[in-house]
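Below are the chains, spelled out letter by letter.
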Amino acid sequence: AFQCDINRNEITTSPALAIGTTLFICLDSTDANTVIASVATLEASKTGLTSNVLNGNTEKQGEGTGAVTIGTRPYVEFFKDATPLQI
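Let us look at the structure shown here.

### Things to note about the sheet that holds strand 1 (residues 2–4)
Part 1 of the argument: Pairing in this open sheet of 4 strands is antiparallel, and the strands run 1-2-6-5 from one edge to the other. Taken across any chain shown, the strands that pair with only one partner, and hence form the sheet edges, are strand 1 and strand 5 (57–61). Across the sheet, the mean angle from the axis of one strand to that of its neighbour is 30°, orientation sign disregarded.

### Some thoughts on the pairing of strand 3 (residues 43–46)
Part 1 of the argument: Residues Ala44 and Lys46 of strand 3 are buried on one face, while the alternating residues Glu43 and Ser45, pointing to the opposite face, are not.
Part 2 of the argument: The pairing of strand 3 with strand 4 (residues 49–52) spans 4 bridges and is classified as antiparallel. Across the sheet, residue Ser45 finds its bridge partner in strand 4, namely Thr50.
Part 3 of the argument: Hairpin remark: strand 3 followed by strand 4, antiparallel, with 2 residues in the connecting loop; positive phi at Gly48, about 85°.

### Notes on the nonpolar core
Part 1 of the argument: Listed in full, the 12 residues of the largest apolar core are Leu23, Ile25, Leu27, Ile36, Val39, Leu42, Ala44, Val53, Leu54, Val68, Ile70 and Phe78.
Part 2 of the argument: Sorting the residues of this core by element identifies strand 2 (23–28) and strand 6 (67–73) as the ones contributing at least two each.
Part 3 of the argument: Apart from the residues within four sequence positions on either side, Leu54 is in contact with Val39, Ala40, Thr41, Leu42, Lys60 and Ile70.

### Points about the state of the cysteines
Part 1 of the argument: What the rule picks out here adds up to 1 disulfide.
Part 2 of the argument: Here Cys4 connects covalently by a disulfide to Cys26, the sulfurs 2.1 Å from one another. The sign of the 85° torsion about the S-S bond sets the Cys4-Cys26 disulfide as right-handed. Remark: Cys26 occurs in strand 2 and Cys4 occurs in strand 1; sequence separation between them is 22 residues. Exposure class is identical for Cys4 and Cys26. Each is buried.

### Digging into the environment of Asp5
Part 1 of the argument: Within the fold, Asp5 resides in the loop between strand 1 and strand 2.
Part 2 of the argument: Residue class for Asp5 comes out partly exposed when judged on its relative accessible area of 25%.
Part 3 of the argument: Counting along the chain gives 21 residues from Asp5 to Cys26, while the straight-line C-alpha distance between them is 8.6 Å.
Part 4 of the argument: Each residue touching Asp5, except ones within four places of it in the same chain, is listed here: Ile11 and Phe24.
Part 5 of the argument: A polar atom in the side chain of Asp5 sits 2.9 Å from the backbone nitrogen of Asn9.

### Here's the deal with the side chain of Lys46
Part 1 of the argument: Within the fold, Lys46 resides in strand 3.
Part 2 of the argument: By relative accessible area, which is 9% here, Lys46 ends up buried.
Part 3 of the argument: Setting aside residues no more than four positions away along its own chain, Lys46 makes contact with Phe78, Asp81, Thr83 and Pro84.

What counts, and where the lines are drawn
Residues numbered from 1 in each chain as written. Predicted model: local features only at pLDDT ≥ 70, side-chain atom pairs only at ≥ 80, totals over all residues. Heavy atoms only, no water. Pairing = 2+ DSSP bridges. Helix = DSSP H or I, 4+ residues; strand = E, 2+ residues; numbered from the N terminus. Axes fitted to C-alpha atoms, helices over the stretch in contact; angles between N-to-C directions. Buried < 20%, exposed > 50% of the residue type's maximum accessible area, 1.4 Å probe, protein only. Core = buried A, V, L, I, M, F, W, Y, C linked by side-chain atoms within 4.5 Å. Contact = heavy atoms within 4.5 Å. Disulfide = S-S within 2.5 Å. Polar contact = N/O pair within 3.5 Å; in protein donor to acceptor, adjacent residues only side chain to side chain.

Structure (structure tokens):
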């Protein structure tokens, strides 16, 4: 998994997220004969807070293929301080 933009280009230097910003995560199968049937959880955490961000404002594209893109807007609780978000 890696952070990407809406066009699946990898982002190597993550800009600071702001409330309302969509965070894109890309998943790629490493085996040409394997597909990603579905993504049930995507855990995000920081000090004192862990959450399945798929329960929020999230869209998934590509399930059933070898390349899935997840666009999500993390919960406002993740923006209460400057501690980095871990996916």
